[in-house]
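Each chain is listed here by its residues.
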Amino acid sequence: MMLMAGSGAALAEGDLFIRNLMLTPEQVALNAPRPADPFALEEALAEAVIRESNARRAEAGLAPLSPDPDLAISARRFSQKMRDLAFFAHDAPDGEGLEQRLPEDLRYRYARLGENLWSGKGALDWRASSLSEQATADWILSPSHRDNLLEPLYDVAGVGVAVDTDQVFITMLYAKPQIDAASARLGAIYNAPPSDLYTLTTDLERSTLQTLNIARGEIALPGFLADNALAQEARLHAQATLDAGGLSAAADQGEPVLRRVLDNPANRTSRLTMLVWEARGGVIWQGNALAEAALASWRKQGTTMQDVFDAGYARAGIGAATDGRRVFITALLSETSDPVTQVISGLTPAIPAALSPVPASSDTLIATVPVLSGAEPLSSLNDAVIGTVTGGSYITLE
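Residues numbered from 1 in each chain as written. Predicted model: local features only at pLDDT ≥ 70, side-chain atom pairs only at ≥ 80, totals over all residues. Heavy atoms only, no water.

### Considering the overall build of the protein chain
(1) Moving on: Each helix and strand counted, the protein chain has 12 helices and 11 strands in total.
(2) Moving on: In the protein chain, the share of contacts with a sequence separation of at least 24, taken over all contacts with a separation of at least 6, comes to 74%.
(3) Moving on: Carbon and sulfur atoms form 56% of the exposed surface of the protein chain, whose accessible area is close to 17,700 Å². (Helix = DSSP H or I, 4+ residues; strand = E, 2+ residues; numbered from the N terminus. Contact = heavy atoms within 4.5 Å. Areas by Shrake-Rupley, 256 points an atom, 1.4 Å probe, with all protein chains shown as cover.)

### Remarks on helix α8 (residues 197-217)
(1) Moving on: Given a rise of 1.5 Å per residue, 21 residues ought to cover 30 Å, and the 30 Å separating the end C-alpha atoms of α8 matches this to within 8%.
(2) Moving on: Of all the positions in α8, only L200, T201, L204, E205, S207, T208, L209, T211, L212, A215 and R216 are classed as buried. (Expected span 1.5 Å × (residues − 1). Buried < 20%, exposed > 50% of the residue type's maximum accessible area, 1.4 Å probe, protein only.)

### Some words on the layout of surface pockets
(1) Moving on: For the largest pocket, the calculated volume is near 230 Å³.
(2) Moving on: Taken together, 15 residues line the largest pocket, and the ones lying closest to its centre are E43, A46, E47, A72 and V159.
(3) Moving on: Those elements that provide at least two residues to the lining of the largest pocket are α2 (38-59), α3 (69-85) and β5 (156-163).
(4) Moving on: A per-class count over the lining of the largest pocket returns eight nonpolar, two polar and five charged. (1 Å grid on protein atoms, 1.4 Å probe; cavity = no way out; pocket = protein on both sides within 12 Å on 5 of 7 lines; lining within 4 Å. Points joined across faces, edges and corners; volume = space filled by probe spheres on them. Nonpolar A, V, L, I, M, F, W, Y, C, P; charged D, E, K, R; others polar.)

### Side note on helix α5 (residues 128-141)
For an α-helix, the turn length of 3.6 residues means that residues three or four places apart are oriented alike.
(1) Moving on: Between its first and last C-alpha, α5 extends 20 Å over 14 residues, near the 20 Å set by a 1.5 Å rise per residue.
(2) Moving on: Within α5 the residues assigned to the buried category are A128, L131, S132, A135, T136, D138 and W139. Looking straight down α5, one finds its buried side chains confined to an arc of 155 degrees; they lie on one side. (Arc of directions from axis to C-beta.)

### A closer look at the packing of aromatic side chains
(1) Moving on: Under the definition given, this model contains two aromatic pairs.
(2) Moving on: With a centroid separation of 5.9 Å and an interplanar angle of 75 degrees, the aromatic rings of F78 and F87 are classed as edge-to-face. Pair check on accessibility: F78 and F87 agree, each one buried.
(3) Moving on: Centre to centre, the rings of Y154 and Y174 are 5.6 Å apart; their planes meet at 25 degrees, and the pair counts as stacked. Of this pair, Y154 sits in the loop between α6 (143-149) and β5 while Y174 sits in strand β6 (residues 167-177); the two residues are 20 residues apart in sequence, bridging distant segments of the chain.
(4) Moving on: Looking at Y154, the relative accessible area reads 1%, which means it is buried.
(5) Moving on: You can call Y174 buried: its relative accessible area is 0%.
(6) Moving on: Between R271 and the ring centre of Y313, over which it is positioned, the NZ or CZ distance is 4.4 Å. (Phe/Tyr/Trp six-rings, centres within 6.5 Å; stacked < 30°, edge-to-face > 60°. Lys NZ or Arg CZ within 6 Å of the ring centre and 35° of its normal.)

### Thoughts on unusual backbone geometry
Only a minority of non-glycine residues have a phi that is not negative, and only a minority of peptide bonds are not trans.
(1) Moving on: For A86, which is not a glycine, the phi torsion comes out positive at approximately 55 degrees.
(2) Moving on: For A86, a relative accessible area of 67% translates into the label exposed.

### Side note on the pattern of salt bridges
(1) Moving on: Within this structure, the stated rule accounts for 21 salt bridges.
(2) Moving on: When the shortest N-O distance is used, the salt bridge between R299 and E218 registers 3.4 Å. Note that R299 is positioned in helix α11 (residues 287-299) and E218 in the loop between α8 and β7 (225-226), a separation of 81 residues in sequence.
(3) Moving on: For R299, a relative accessible area of 39% corresponds to the partly exposed category.
(4) Moving on: E233 is paired through a salt bridge with R260; the nearest N and O atoms lie 2.7 Å apart. In this pair, E233 is assigned in helix α9 (residues 228-243) and R260 in helix α10 (residues 250-263), connecting sequence segments 27 residues apart.
(5) Moving on: With relative accessibility at 14%, the residue E233 sits in the buried group. (Salt bridge = Lys/Arg side-chain N within 4 Å of Asp/Glu carboxyl O.)

### What to know about the side chain of E205
(1) Moving on: Looking at the element boundaries, E205 is found in helix α8.
(2) Moving on: With sequence-adjacent residues up to four places away left out, E205 is seen in contact with R235, I318, G319 and A320.

### Brief notes about the environment of L45
(1) Moving on: Note that L45 resides in helix α2.
(2) Moving on: Of the residues examined, L45 reaches a relative accessible area of 0% and is grouped as buried.
(3) Moving on: Linking L45 and G160, residues 115 residues apart in sequence, is a C-alpha distance of 8.7 Å.
(4) Moving on: Leaving out residues up to four positions away in the same chain, L45 has contacts with A128, L131, S132, V161, V168 and I170.

### Digging into the packing of α9 against α10
Each pair of packed helices can be summarised by the angle the axes make with each other and by the distance between the axes.
(1) Moving on: Orientation of α9 relative to α10, taken along the N-to-C sense of each, is 160 degrees, at an axis distance of 9 Å. In terms of their interaxial angle, α9 and α10 are classed as roughly antiparallel. Where α9 crosses over α10, the handedness of that crossing is right-handed. On α10, the residues that touch L230, E233, L236, H237, A240 and T241 of α9 are A250, Q253, G254, V257, R260 and V261.
(2) Moving on: Among the residues forming the contact of α9 with α10, the class breakdown is six nonpolar, four polar and two charged. (Axes fitted to C-alpha atoms, helices over the stretch in contact; angles between N-to-C directions. Parallel < 35°, antiparallel > 145°, perpendicular 65-115°, else oblique. Left-handed = near helix turned anticlockwise from the far one by under 90°.)

### Here we look at the environment of I140
(1) Moving on: Mapped onto the elements of the fold, I140 is located in helix α5.
(2) Moving on: Not counting chain neighbours up to four residues away, the residues in contact with I140 comprise R56, R146, L149 and L150.

Below, the structure written as structure tokens:
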């Protein structure tokens, strides 16, 4: 009898753990035979693996894994693929790896994903209890499998089983949910972009301003006043950034926006900050949910929220753009005053020292060059509610 276990470090393929067992005729005689209809066995074995895995976790003082139906469906599909294509590995012959194990519209739900595989072939004891005990025992013997099985961060799991003539395949997916159950239900409703993208972006702009103002109200700051001129510039930046490829183009697309706002006296802007946020991949297509996701990302970046909570900023313009796959938000925050002078080019004008917050030099007074908050790394799918996100600031001088 040959037993195989495929390691499943999160989003990576590990080693294959293989054991060959020689059973005596007496031992083989005690084994339960393969059932004629394996479907009931597949269902029972999947449940038994969850129970046995939770027993192992309990021995280690860990919380149990809750069954996740969506993970179970994906796990069962992959077990069937291994059976039907006659392979045993985390990467299928068609190129599918753990990164593609879940349907795209479900990937946003999980912050972390891991996988263990197991297969037994030959003189098996076809009872669900026996097979589940053997699978978990083999996983415990292999460090990489044990790490997945006993990972404290995992909260949910799904098991899928496929039975062949003399072989059984087990796939167990482990995950850390990204969002709460209420948001997951919301995502199930809004998991496809609406036909009217204009209405979505309009709702998102309104929701983002409202969300920022609620956050300011929590620390007794007045809300931002909506500024139509700033909003128009923010929309132009959001759409241009999206057309240019997304977040990586935000800085280049932001420079002309800053120049226009600062060069136009009608904007009465003495200080300007630009916040940006992008979502890609599994997107909850609802304005309030997207706005909350943007704020959650910005909260992780202290310098960004310092801008939001800056009492000097009184006006805001929000722009949103989407192509049905990605969403981009630009927020322009403006301080309004009657400045003695504005720095709108690379030249260094004479500014009275009493009015200048920094030494007057060509290095520090180039106000129109956007500066991203480089201290904060870009977040990944594992860090945010949805998609790939970031928050940053373009700054100018008073």
